[in-house]
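Here's the letter readout for the chains.
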Amino acid sequence: MKFTKPETTNPIDQMKVVGKPLDRIDGPLKTTGSAPYAYEQHAAAPNAAYGYVIGAAIAKGRIVSIDTAAARRAPGVIAVVTHENAGKLGKGNFNTAHLLAGPEVQHYHQAVGIVVAETFEQARAAASLVKVEYAKANGSYDLAAAMNAAVTPKTGDAESKVGDFDGAFAGAPVKLDATYTTPDQSHAMMEPHASIASWDGDKVTVWTSNQMIDWGKQDLAKTLGVPAGNVRLISPYIGGGFGGKLFLRAEAVLAALGARAAKRPVKVALQRALMINNTTHRPATIQRIRIGATREGRISAIAHESWSGDLPGGQPETAVQQTRLLYAGGNRLTRLQLATLDLPEGNAMRAPGEAPGMMALEVAMDEMAEKLKMDPVTFRIVNDTTVDPEKAGRKFSQRRYVQCLRQGAERFGWSKRKAQPGQVREGQWLVGMGMASAFRNNMNMKSAARVRLESDGKVTVETDMTDIGTGSYTIIAQTAAEMLGLPVERVNVRLGDSDYPVSAGSGGQWGANSSTAGVYAACVKLREQIAQKAGLDAAKAEFIDGAVRAGGRAVPLTEVARGGAIVAEDTMEYGDLEKQMQQSTFGAHFVEVAVDVATAEVRVRRMLSVCAAGRILNPKSARSQVIGAMTMGVGGALMEHLAVDKRLGFFVNHDLASYEVAVHADIPHQEVIFIDETDPTTSPMKAKGVGELGLCGVGAAVANAIYNATGVRVRDYPVTLDKMLQKMPSLA
C-alpha cells in the first residue's frame, strides 16, 4: 500500500480499541520475570558459553602485540578471539568505528578481543591475563580546543540562510548574543548491550538487544562477510535503548565470532564501563545563538550555530534543526560545525538534535523575553508561524503549538509567576517557575507486517518491529483488533525477528505511527481476502464483534477460516506528503523548582507537559513515554555529564554510580495533557510520535525555572550547584 494523499475516513476512526488507555499486554510477562530478554534465551540456545569483552586501554594508536597464551591455558577457557584470528571483517553502514580493533585503535574501550569460557567468572579472570602492547598516538579530546578546526559538513542541511541575517541583526533595536554548552551524555539504559549467538553450519542466529532488526541483520552480515540470508536476528524484548541500540554493536559481533570459534552458543553482555566508552553517546555541543527583535517583540533576525565532534567519518549533532522551523523571522542563519575528536563514537540519543538544541534555544528565548520585558509565553506566541519560515509557501500539516502554550499556562498557574527573579521564598527555599517550547519533527518509515486469521478466529500479527519499553506490542494489537472487529485479547503479536516482514523499527519517534501503519496495510489486504471468501462485497464489508458483515449478512470469522488460516502481508510506503507540508510535533513544558538558598541544591517540585502529536494510539503508554522523557530531561538539566579525561581520551565516570540520572522519585508531581489532534497527512493512523517530544525543551524549562527562582543564569549544562553558589542572592 502506498500512502500518497491525505487520509479520509477509515476503520481506525471508529476508535473502539485504538485510542483507549489499555494496559500493556507485555506487562505481566515483564513484572513476573517471564519475558525472555536477549541474555536469557536458555531454551533456544542451550549450553551457552560466556564471553567477556576486552576493551582497548588507549584512545588512539596501534596494537603492537597481543599475548593470549596465558589466557588460553586458564581454567575453563574455550576460545580467545582477536583481530589476529577473527578473519577478515568488514564495517557496517551504521558504525563510524570498526567494532573489533586491530591493529588500529580508534577510541578508548574499542573492543580488542573476547575470551570465551565455561563460566562468566572464568572468562573474566582469563581476560585479565591477555597482555596487549600498544603504541599510543596523539589524539584530540577537547571540543572547545578543536572548535577552530571544525568544518561545515558537505550535506544539504548542514547550513541554511534566508534573507540577510547579518544586516538585520546589526540593525535590530534589541539583541541577544549568547553561547551555551551541553555535555557528552550516556544512554544509561538498565539492560546492557547483550547478545547470544549460535551457528548452524554457515548460518548464525543472534538473540540481541537491538532496536532496528533489519539494520542490525544487514550490518552483521556485512561485518562478518556472509550473505544476509545466513543471518537471523531475534529481539522480542528490550530493556531500554534510547538510541544506543539502534545500530549493531560490538557485543553482537563478538558473540558471533566467539560462537564460531567455540563451536557452541556464546552469550555476551557488555560490562557497564564498556557500554559507556565502547558504544555510542550523545556528543557535547557548543552553541551560539543570536536573536534580533523589534521593541514590540517580533524576531527580525535569528541565528543558531552549533559545534560538535566525532570520530573521522562521523556526523554532527544536528542541534539547529528546531530553530529552522519553530519561530518566525525573515532573516535567518543556521549552521552545523563538525570537529574531529578521538573520543568514543557520537551518535543518536533520544531526540538527537532537538534535545540538546532546545536546551540552548529555549533559554535564549527566555533571555530575549527578559530583555524585551515580555512574558516568555507571550513572546513565543507573538513569534508563532503557520508556514515553514525557510519556505514561505509550505504550510504545517498541523500546528497546535499556541494551543499547547495557552492550555499549559492556564493549567500550571503561570499567571501567578513573578517576573522578577528571586521574589518567592518559602523558608530556606527560593521558588521559581520556568517554561519552554517542545518541538520534534515527525518522520515516517516504510514498514511491513504479516497478518493471519487463524482457524479458531484469532489473529496473529508478525513484524520485525521491536518493543523497547514503548508499548509496541499493545498498539499493534489494538490496530489489528480495530481493523478486524475483535477484542484485543484475540490478537497475538509476534515481534523482533528478522524472519518476519521488515518494519520501521524503534527510533526517531517514528516507530508507533509507522509500524501500526504497516499493520493497517496488511489488515486491509486481509479484510479483502476474508470478505471474498465469505462471498461478501469487500468494498462494503464491516468487521464487527468477530464477524464480517455486508448486504444484510454476517459471517463469523471462525466460519470463514474453518478451512485453514488466511494470510496477508503488505508494506506501507509513502509518497511525498512530508515534502508538500511540514509534519512536526509541538508542545510546551512547565516546571516549578525550589533552590536551597544556602547550598544552591535544586529540587524539581512539579512538571507539566502539553503535547500535540497527532492521534494518540494509547494514552496510557503515551503518557508513560512522556513522563519518562520529562524525567530524562531533568537528568540532562541537573545531573548528566560524561566527564572527559582530556589527557587520555575517555569518559571517566563510566558506571551508574558516578554517571547520575534522574528517577521518578526525584519529581513529586508530573502531569501530561494531549491536545486532541489527528493528522491525515502522516498515515492512515493519523498519528505522529510523542516519546521524544516529551524530552525536547525540558532541560531549558528547568534552567529557566532556576533563573526565575534565584536570578542565576547558567548557560553551561548541567546546572550544578558549583556553577551557582557564587552568584546566589544574599541569605538576608
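Keep in mind it's a predicted model, so treat the numbers as computed, not measured. (Residues numbered from 1 in each chain as written. Predicted model: local features only at pLDDT ≥ 70, side-chain atom pairs only at ≥ 80, totals over all residues. Heavy atoms only, no water.)

**Notes on the overall build of the chain**
When its secondary structure is counted, the chain shows 17 helices and 30 strands. Its C-alpha atoms give the chain a radius of gyration of 27 Å, within 12% of the compact-globule value 27 Å for 732 residues. Taking the principal axes of its C-alpha atoms as reference, the chain extends roughly 80 × 75 × 50 Å. Residues counted as buried form 62% of the 732 residues belonging to the chain. Summarising the internal contacts of the chain: among those between residues at least 6 apart in sequence, 81% fall at separations of at least 24. (Helix = DSSP H or I, 4+ residues; strand = E, 2+ residues; numbered from the N terminus. Rg over C-alpha atoms; globule rule 2.2 N^0.38 Å. Buried < 20%, exposed > 50% of the residue type's maximum accessible area, 1.4 Å probe, protein only. Contact = heavy atoms within 4.5 Å.)

**Let's talk about the domain arrangement of the chain**
In terms of domain boundaries, the chain breaks down into domain 1 (2-35 + 444-579) and domain 2 (353-442 + 583-727). The C-alpha-based centres of domain 1 and domain 2 are spaced at 35 Å. With 34 residues of domain 1 at the interface, the matching set in domain 2 holds 28 residues. Per-residue buried area on domain 1 facing domain 2 is highest for N444, Q509 and N513; these three make up 27% of the total on that side. At the junction of domain 1 and domain 2, the tally comes to three salt bridges. With a shortest N-O distance of 2.6 Å, D23 and K620 are connected by a salt bridge. Counting every contact that joins domain 1 to domain 2 gives 20 residue pairs in polar contact (both at pLDDT 80 or more). Where the side of domain 1 that touches domain 2 is concerned, the elements lending two or more residues are α12 (472-484), α13 (511-533), β25 (566-574) and α15 (577-580). A total of five residues in the side of domain 1 that touches domain 2 trace back to one element, the largest contributor, which is α13. Within the side of domain 1 that touches domain 2, the residues separate by chemical class into 14 nonpolar, 14 polar and six charged. (Domains from an automatic or database assignment. Buried area = accessible area lost by both parts, 1.4 Å probe. Salt bridge = Lys/Arg side-chain N within 4 Å of Asp/Glu carboxyl O. Polar contact = N/O pair within 3.5 Å; in protein donor to acceptor, adjacent residues only side chain to side chain. Nonpolar A, V, L, I, M, F, W, Y, C, P; charged D, E, K, R; others polar.)

**Some words on the environment of G552**
When you line up the elements, G552 lands in the loop between β23 (547-550) and β24 (553-556). Residue G552 is classed as exposed on the basis of its relative accessible area, which comes to 85%. Taking the C-alpha atoms as reference points, G552 and S195, 357 residues apart in sequence, are found 54 Å from one another.

**Things to note about the sheet that holds strand β5 (residues 104-105)**
The three strands are arranged β5-β3-β7 in an open sheet whose pairing can be described as antiparallel. In this open sheet, the two strands that pair with only one neighbour each are β5 and β7 (131-136). Relative to β7, strand β3 (residues 61-67) runs antiparallel, the two sharing six bridges. Note that in β7 the partner of I63 across the bridge is Y134. (Pairing = 2+ DSSP bridges.)

**Regarding the nonpolar core**
Residues F590, V593, V634, L638 and M724 are the most contacted members of the largest nonpolar core, which totals 90 residues. With 11 residues, helix α9 (residues 354-372) is the single largest residue contributor to this core. When near neighbours in sequence (up to four residues on either side) are disregarded, V634 contacts V604, M607, M639, A662, I667, V698 and V702. Residues A541, A561, Y574 and A687 belong to the second largest nonpolar core, which totals 54 residues. (Core = buried A, V, L, I, M, F, W, Y, C linked by side-chain atoms within 4.5 Å.)

**Description of the packing of aromatic side chains**
Applying the stated criterion across every chain yields a total of 16 aromatic pairs. Ring plane angle 50° and centroid distance 6.1 Å describe the contact between Y37 and Y237, whose orientation is recorded as tilted. Highlighted residues: Y37 in the loop between α1 (27-31) and β2 (49-55) and Y237 in the loop between β12 (231-234) and α7 (250-262), separated in sequence by 200 residues. Pair check on accessibility: Y37 and Y237 agree, each one buried. Seen in terms of ring centroids, Y401 and F586 are 6.1 Å apart; in terms of plane orientation they differ by 45°. Their pairing is tilted. Highlighted residues: Y401 in helix α11 (residues 401-412) and F586 in strand β26 (residues 584-596), separated in sequence by 185 residues. (Phe/Tyr/Trp six-rings, centres within 6.5 Å; stacked < 30°, edge-to-face > 60°.)

**Examining the pattern of salt bridges**
Opposite charge on two side chains permits pairing when their charged atoms draw close. One pass over the full model with this rule turns up 39 salt bridges. A salt bridge links D497 to R232; its shortest N-O distance comes to 2.6 Å. Highlighted residues: D497 in the loop between β21 (491-494) and α13 and R232 in strand β12, separated in sequence by 265 residues. On the accessibility criterion, D497 (6% relative accessible area) is buried. Overlapping salt bridges, with partners in common, bring together R450, R452, E454, E462, R494 and E569 in one network.

**Topic: helix α3 (residues 120-127)**
Given 3.6 residues per helical turn, the α-helix brings residues three or four places apart onto the same face. Those residues of α3 that fall on the buried side of the exposure criterion are A123, A126 and A127. One side of α3 holds all its buried residues, which, seen down the axis, span an arc of 100°. Summarising the contacts, the buried residues of α3 are in contact with β2, α2 (69-73), β4 (77-82) and β6 (111-117). (Arc of directions from axis to C-beta.)

**So, the UniProt feature "domain: Aldehyde oxidase/xanthine dehydrogenase a/b hammerhead" (unreviewed entry) in the chain**
Mapped onto the present numbering, the UniProt feature "domain: Aldehyde oxidase/xanthine dehydrogenase a/b hammerhead" (unreviewed entry) falls on residues 32-138. For residues 32-138, the helix share is 12%, the strand share is 33%, and the end-to-end C-alpha distance is 51 Å. (UniProt positions renumbered as here; feature names shortened; annotations may be inferred.)

**A closer look at α12**
Across its 13 residues, α12 extends 18 Å between first and last C-alpha, which sits within 8% of the 18 Å expected from 1.5 Å per residue. Most of α12 sits out of view: 13 of its 13 residues are buried. Just beyond α12, the residue with positive phi is G485, at close to 65°. (Expected span 1.5 Å × (residues − 1).)

**Quick notes on the layout of surface pockets**
As a volume, the second largest pocket reaches approximately 390 Å³. In terms of lining, the second largest pocket is formed by 28 residues, of which the most central are L143, T182, P183, D184 and A284. Listed by contribution, the elements that provide at least two residues to the lining of the second largest pocket are α4 (143-146), β9 (174-182), β14 (285-293) and β15 (299-310). In terms of residue count, the dominant contributor to the lining of the second largest pocket is β15 (three residues). Looking at the lining of the second largest pocket, its residues break down into 14 nonpolar, eight polar and six charged. (1 Å grid on protein atoms, 1.4 Å probe; cavity = no way out; pocket = protein on both sides within 12 Å on 5 of 7 lines; lining within 4 Å. Points joined across faces, edges and corners; volume = space filled by probe spheres on them.)

**Some thoughts on the packing of α9 against helix α17 (residues 698-710)**
Running from N to C, α9 and α17 cross one another at 35°; their axes reach a closest spacing of 7 Å. Like other packed secondary-structure pairs, α9 and α17 cross with a definite hand, here right-handed. Where α9 abuts α17, its residues M358, M359, E362, V363, D366 and E370 lie against G699, A700, A703, N704 and Y707. The residue inventory of the contact of α9 with α17, partitioned by class, reads six nonpolar, two polar and three charged. (Axes fitted to C-alpha atoms, helices over the stretch in contact; angles between N-to-C directions. Left-handed = near helix turned anticlockwise from the far one by under 90°.)

**Some words on empty space enclosed by the protein**
Any empty space left between the atoms is revealed when a probe the size of a water molecule rolls over them. In this structure the tally under the stated criterion is four cavities of 30 Å³ or more. The computed volume of the largest cavity comes to approximately 100 Å³. For the largest cavity, the lining is made up of 14 residues, of which M359, M632, G633, G636 and L695 are closest to its centre. Of all the elements in the fold, those that place two or more residues in the lining of the largest cavity are α9, α16 (619-638) and α17.

**Focus on unusual backbone geometry**
For the peptide bond that leads from G102 to P103, omega is -5°, which places it in the cis range. Relative to the elements of secondary structure, P103 occurs in the loop between β4 and β5. Put simply, Y717 and P718 share a cis peptide bond, and its omega is -5°. Structurally, P718 is set in the segment after α17. Although it is not a glycine, K263 sits at a positive phi angle of roughly 60°. You can see K263 is positioned in the loop between α7 and β13 (266-269). Phi angles above zero are rare outside glycine, and A600 is one such case at about 70°. Under the relative-accessibility criterion, A600 is labelled buried at 1%.

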